[in-house]
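Inside the fold
Here is what each chain is made of, one letter per residue.
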Amino acid sequence: THLFTKLDIFNVAKDIDFINTNALYLTYNKSVLYSNFETPNQTSTILENTRAYTSHYSSKNNCIIVSSASGLRKYTEDASAYSKLTYKGKNIFSTAIAETQDGTIYVASKTNGLFYISGNTLQPYPLQLMGATIQFIKSYKNQLWLVTNKSIDVINPKNKEHHKYGLRFGVVNPVKTL
């Protein structure tokens, strides 16, 4: 059991990812905070002093992926170091991150499509969205479920199967959650 105390640097947490016995707080409008509950005095470190969009902790890859107004970063599990993830030298601003059962981490961007992380680089996933923008993604086993402004798409990246469910299948947009 941990005793949570109010911190002056933010008052609303957008996401909380638990990393072993530590916690990564992602605030909505001010910063990304990493709290270490293993230290005697419970230390907290600001990882980024910028607006955070989303985060993902991968126990399979021993890393933390954070998307913020300063771009996409891949932190070590203890948040002591990071690599900036870009595509062709440009920042990708992700609104959703998902990891499939095989440990592949996918990053969705409303303006740049779908990417996967390979080492410390971003690779585009070949996906024809036909003018649709990705709102959010979820994973189930080795499938990706993408919600766009036009449909729900189910993709199996291993065998490249792609099923699109739109108005013809009773999917009415906007979809709010999966």
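**A few points about the overall build of the protein chain**
Within the protein chain, the regular secondary structure consists of 0 helices and 17 strands. Considering only intrachain contacts with a sequence separation of at least 6, the fraction spanning at least 24 residues in the protein chain is 35%.

**Examining the confidence of the model for the protein chain**
Counting all residues, the mean pLDDT for the protein chain is 82, and 82% of those residues have values of 70 or more. Per-element confidence in the protein chain is highest for strand S10 (residues 96–99), whose mean pLDDT is 95, and lowest for strand S2 (residues 22–27), whose mean pLDDT is 69.

**Some points on the sheet that holds strand S11 (residues 105–109)**
Strands sit in the order S10-S11-S12-S13 across an open sheet of 4 strands; the sheet is antiparallel. On the outer flanks of this sheet lie S10 and strand S13 (121–124), each paired with one strand and no other. In this sheet, neighbouring strand axes are inclined to one another by 30 degrees on average, regardless of whether the strands run parallel or antiparallel. In this sheet, S11 lies alongside S10 in antiparallel orientation, the contact comprising 4 bridges. Of the residues in S11, the one forming a bridge with Glu-99 is Ile-105.

**Here's the deal with the pattern of salt bridges**
The final tally for this structure, using the stated rule, is 2 salt bridges. Among the salt bridges present, the one from Asp-102 reaches Lys-158, with a minimum N-O distance of 2.7 Å. Of this pair, Asp-102 sits in the loop between S10 and S11 while Lys-158 is found in the loop between strand S16 (152–156) and strand S17 (161–165), placing the two residues 56 residues apart along the sequence. Residue Asp-102 is classed as partly exposed on the basis of its relative accessible area, which comes to 35%. Of the residues examined, Lys-158 reaches a relative accessible area of 57% and is grouped as exposed.

**Quick notes on the pairing of S17**
Both S16 and S17 contribute to a ladder of 5 bridges, which runs antiparallel. The residue bridging Val-154 from the neighbouring strand is His-163, located in S17. Here S16 hands over to S17 after 4 residues, with Lys-160 in that stretch at a positive phi of 65 degrees.

**Focus: the pairing of strand S7 (residues 71–76)**
Taking burial as the measure, the 6 residues of S7 include 5 buried ones, the bulk of the element. Here 6 bridges tie strand S6 (residues 63–68) to S7, and the two strands are oriented antiparallel to one another. Following the sheet pairing, Cys-63 is matched in S7 by Thr-76. Counting the residues that bridge the hairpin from S6 to S7 gives 2 residues. Between S7 and strand S8 (residues 82–87), which pair antiparallel and follow one another directly, the connecting turn spans 5 residues, one of which, Ala-79, has a positive phi of 60 degrees.

**Quick notes on the nonpolar core**
By size, the foremost hydrophobic cluster in this structure holds 17 residues, and its most contacted members are Leu-114, Leu-127, Ile-134, Ile-137, Leu-144 and Leu-146. Elements with a minimum of two residues in this core: S10, S11, strand S14 (134–140), strand S15 (143–148) and S16.

**Quick look at the sheet that holds S17**
The 4 strands lie next to each other as S14-S15-S16-S17, forming an open sheet whose pairing is antiparallel. Every other strand in the sheet has two partners, leaving S14 and S17 as the edge strands with one partner each. Adjacent strand axes in the sheet meet at a mean angle of 20 degrees when their direction is disregarded.

**Examining the packing of aromatic side chains**
One pass over the structure, following the stated rule, counts 4 aromatic pairs. Aromatic pair Tyr-106 and Tyr-116: ring centres 6.3 Å apart, planes at 55 degrees, arrangement tilted. Separated by 10 residues along the polypeptide, Tyr-106 in strand S11 and Tyr-116 in strand S12 (residues 113–118) bring together distant segments of the chain. A residue is classified by how much of its surface remains accessible, and Tyr-116, at 28% relative accessible area, is partly exposed. Ring pairing ties together the aromatic residues Tyr-106, Tyr-116 and Tyr-125, which thus form one cluster.

Analysis parameters
- Residues numbered from 1 in each chain as written.
- Predicted model: local features only at pLDDT ≥ 70, side-chain atom pairs only at ≥ 80, totals over all residues.
- Heavy atoms only, no water.
- Helix = DSSP H or I, 4+ residues; strand = E, 2+ residues; numbered from the N terminus.
- Contact = heavy atoms within 4.5 Å.
- pLDDT = per-residue confidence, 0-100.
- Pairing = 2+ DSSP bridges.
- Axes fitted to C-alpha atoms, helices over the stretch in contact; angles between N-to-C directions.
- Salt bridge = Lys/Arg side-chain N within 4 Å of Asp/Glu carboxyl O.
- Buried < 20%, exposed > 50% of the residue type's maximum accessible area, 1.4 Å probe, protein only.
- Core = buried A, V, L, I, M, F, W, Y, C linked by side-chain atoms within 4.5 Å.
- Phe/Tyr/Trp six-rings, centres within 6.5 Å; stacked < 30°, edge-to-face > 60°.

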